[in-house]
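Structural overview for review
Residues per chain are reported as follows:
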Amino acid sequence: MPINILITIALLLLTAFVLSRIFTLPRNIWLLFISQPLVMSASPIIVFIGGLLSSKMASDPSLATLPLTLMILGVAAGSIPAAMLAKNKGRKFAIYTGLSCSLIAAVIAIMAAKTAIFELFCFASLLIGVGGAFGQQLRFAAIESSLNSGDVPKILSILMLSGVFAAFLGPEIAVVGKDLLQSPYGYAGSFLLVAALTLCAMLIMMVFKNPTINTDEATGEARPLSEIVKQPIFLIAICTATIGFALMSYLMTATPISMHNMQGHSLQETKWVIQSHIAAMYLPSLFTPWLVKHLKLKGMMFIGTLIYAVVAFIALSGHDVMHYWWALILLGIGWNFLFLTGTSLLPQSYHASERHKVQATNDFILFGFQAAASLLAGWVLFNAGWHWVVITSIPFILVLCAVIALYHKHQKSTLIQPAAKVN
């Protein structure tokens, strides 16, 4: 119902107002808090209805997850240009470039849905990903807008909280806009609403002011990348984040198609599961700083892996709505723990002068595997069924167990060798 969208936006504005009275932060932070869910809403829509719409438009139903895969590849492809554009032209210019790309993508998606051209929809999804890459840069714009470096963790937590609104706003828009415009398989109106939200974000960001950027570059001799990637701590970091991300994408991508197309659950029930999953991905960020302090990163890695094992057990137990709901809720929480752990460990593998190439390598591997997982999900689902999607995820959970053992061994070795860098 449209009232749900209005309530979500009203709650977003109310939350921004209340938080602005509790925390004294620059105006840029609150502009980003409000605009970020509007920008991020396109991604949950592709996750939610991309497979449902594509399974009807594509000549081969197993290609139903291709648009989601292309969206992820778009994020990977746009990440470096987004960062370079922000560096050379300023954050505001980069933000508007990304918003313009998202607006064009929404218009193309409307055309694709109205003409039922699968290839055009794939192109729109790719552009949504490129626009999303610029959206990923909003957190850096917030950090640079901070007047006090000690406020950075607080700012990131606040921005992560805004992702919860995108989790509910995106799927809600997909359902409300399904029949808003006439199209063979529906959903053209959903992307019309995406375009409207993007325009709202553009208006909000007009009063955004470019933060002062520190252009100092770290100096020092940089090691070859081949030497850096052989370090145990690099392998631990990259495996934890990549497997955690890829498995999440693998199961999440298959869920809407399995629920709605194969098991006959309603679109409302499917929407609820996806909304709950995306909310579960972000809400734990309000508590993870406290958890890391008490459990340490190894404890977070262990709990995240254990949660993934529970996800597999629940997903194999049945096809009821609550089976999907509990599995996807826990999947979101497990992803949060594993992604946080991998991201936190990565800086321990490089020196300041090496950060750009190591971070680029990390993102390339991460998004590459995530894209492959989302594409593979559709093929396995249509050829073998939901249970085999879950079963094929189990070996990677076992790999995570091996990574935990490697991390434990690495920690012991650093204690034995005091001269080594402490991790």
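Presented here is an overview of the structure given in this document. (Residues numbered from 1 in each chain as written. Predicted model: local features only at pLDDT ≥ 70, side-chain atom pairs only at ≥ 80, totals over all residues. Heavy atoms only, no water.)

**Focus: empty space enclosed by the protein**
All chains considered together, the criterion is met by 4 cavities of 30 Å³ or more. The volume enclosed by the largest cavity comes to roughly 60 Å³. Taken together, S35, V39, I95, G98, L99, G131, F134, G135, L138 and M205 make up the full set of residues lining the largest cavity. Among the elements of the structure, α2 (27-40), α5 (91-115) and α6 (118-136) are those that each provide at least two residues to the lining of the largest cavity. Of the residues that constitute the lining of the largest cavity, the class distribution is 6 nonpolar, 4 polar and no charged. Taken together, I46, V47, F48, G50, G51, A64, T65, P67, L68, T253, P256 and I257 make up the lining of the second largest cavity. When contributions to the lining of the second largest cavity are tallied by element, the ones reaching two or more residues are α3 (42-57), α4 (66-89) and α11 (232-262). Broken down by element, the residue count for the lining of the second largest cavity peaks at 5 residues, all from α3. Here the residues of the lining of the second largest cavity sort into 8 nonpolar, 4 polar and no charged. (1 Å grid on protein atoms, 1.4 Å probe; cavity = no way out; pocket = protein on both sides within 12 Å on 5 of 7 lines; lining within 4 Å. Points joined across faces, edges and corners; volume = space filled by probe spheres on them. Helix = DSSP H or I, 4+ residues; strand = E, 2+ residues; numbered from the N terminus. Nonpolar A, V, L, I, M, F, W, Y, C, P; charged D, E, K, R; others polar.)

**Let's talk about the packing of α11 against helix α14 (residues 321-345)**
Each packed pair of helices is defined by two parameters, the angle between the axes and the distance between the axes. Between α11 and α14, whose axes approach to 8 Å, the crossing angle comes to 160 degrees. In terms of orientation, α11 lies roughly antiparallel with respect to α14. In the packing of α11 onto α14, the handedness of the crossing is left-handed. For the contact of α11 with α14, the residue count by class is 18 nonpolar, 6 polar and no charged. (Axes fitted to C-alpha atoms, helices over the stretch in contact; angles between N-to-C directions. Parallel < 35°, antiparallel > 145°, perpendicular 65-115°, else oblique. Left-handed = near helix turned anticlockwise from the far one by under 90°.)

**Describing unusual backbone geometry**
A positive phi is found at A116, a non-glycine position, where the angle reads about 60 degrees. Tracing the sequence through the fold places A116 in the loop between α5 and α6. For A116, a relative accessible area of 24% translates into the label partly exposed. Phi is positive for Y187, which is not a glycine, with a value near 80 degrees. You can see Y187 is positioned in the loop between α8 (152-176) and α9 (188-204). Residue classification places Y187 among the buried positions, given a relative accessible area of 4%. (Buried < 20%, exposed > 50% of the residue type's maximum accessible area, 1.4 Å probe, protein only.)

**Observations regarding the packing of aromatic side chains**
Tallied over the full model, the rule gives 9 aromatic pairs. With 5.4 Å between their ring centres and 85 degrees between their planes, F245 and W335 make a pair best called edge-to-face. Of the two residues, F245 is situated in helix α11 and W335 in helix α14; the sequence distance between them amounts to 90 residues. For the pair shown, F245 and W335 are each scored as buried. Three or more aromatic residues joined by ring pairs make a cluster, and in this case those are W30, F33 and F165. Note that K178 overlies the ring of Y187, its terminal NZ or CZ placed 5.3 Å from the centroid. (Phe/Tyr/Trp six-rings, centres within 6.5 Å; stacked < 30°, edge-to-face > 60°. Lys NZ or Arg CZ within 6 Å of the ring centre and 35° of its normal.)

**Regarding the pattern of salt bridges**
Here the structure, examined in full by the defined rule, presents 2 salt bridges. Here E172 makes a salt bridge to K271, at a shortest N to O gap of 3.0 Å. Taken together, the positions of E172 in helix α8 and K271 in helix α12 (residues 267-282) put the pair 99 residues apart, joining distant regions of the chain. The two residues E172 and K271 agree in class, both being buried. Between D179 and K178 there is a salt bridge whose closest N-O contact spans 3.8 Å. Judged by relative accessible area, D179 falls into the exposed class, the value being 63%. (Salt bridge = Lys/Arg side-chain N within 4 Å of Asp/Glu carboxyl O.)

**Some words on the state of the cysteines**
According to the stated counting rule, one finds 0 disulfides in the structure shown. The closest cysteine sulfur to the non-disulfide-bonded C101 is located on C122, 16 Å from its own sulfur. Note on C101: relative accessible area 13%, which makes it buried. The closest cysteine sulfur to the non-disulfide-bonded C401 is located on C239, 13 Å from its own sulfur. Using a relative accessible area of 40% as the deciding quantity, one classes C401 as partly exposed. (Disulfide = S-S within 2.5 Å.)

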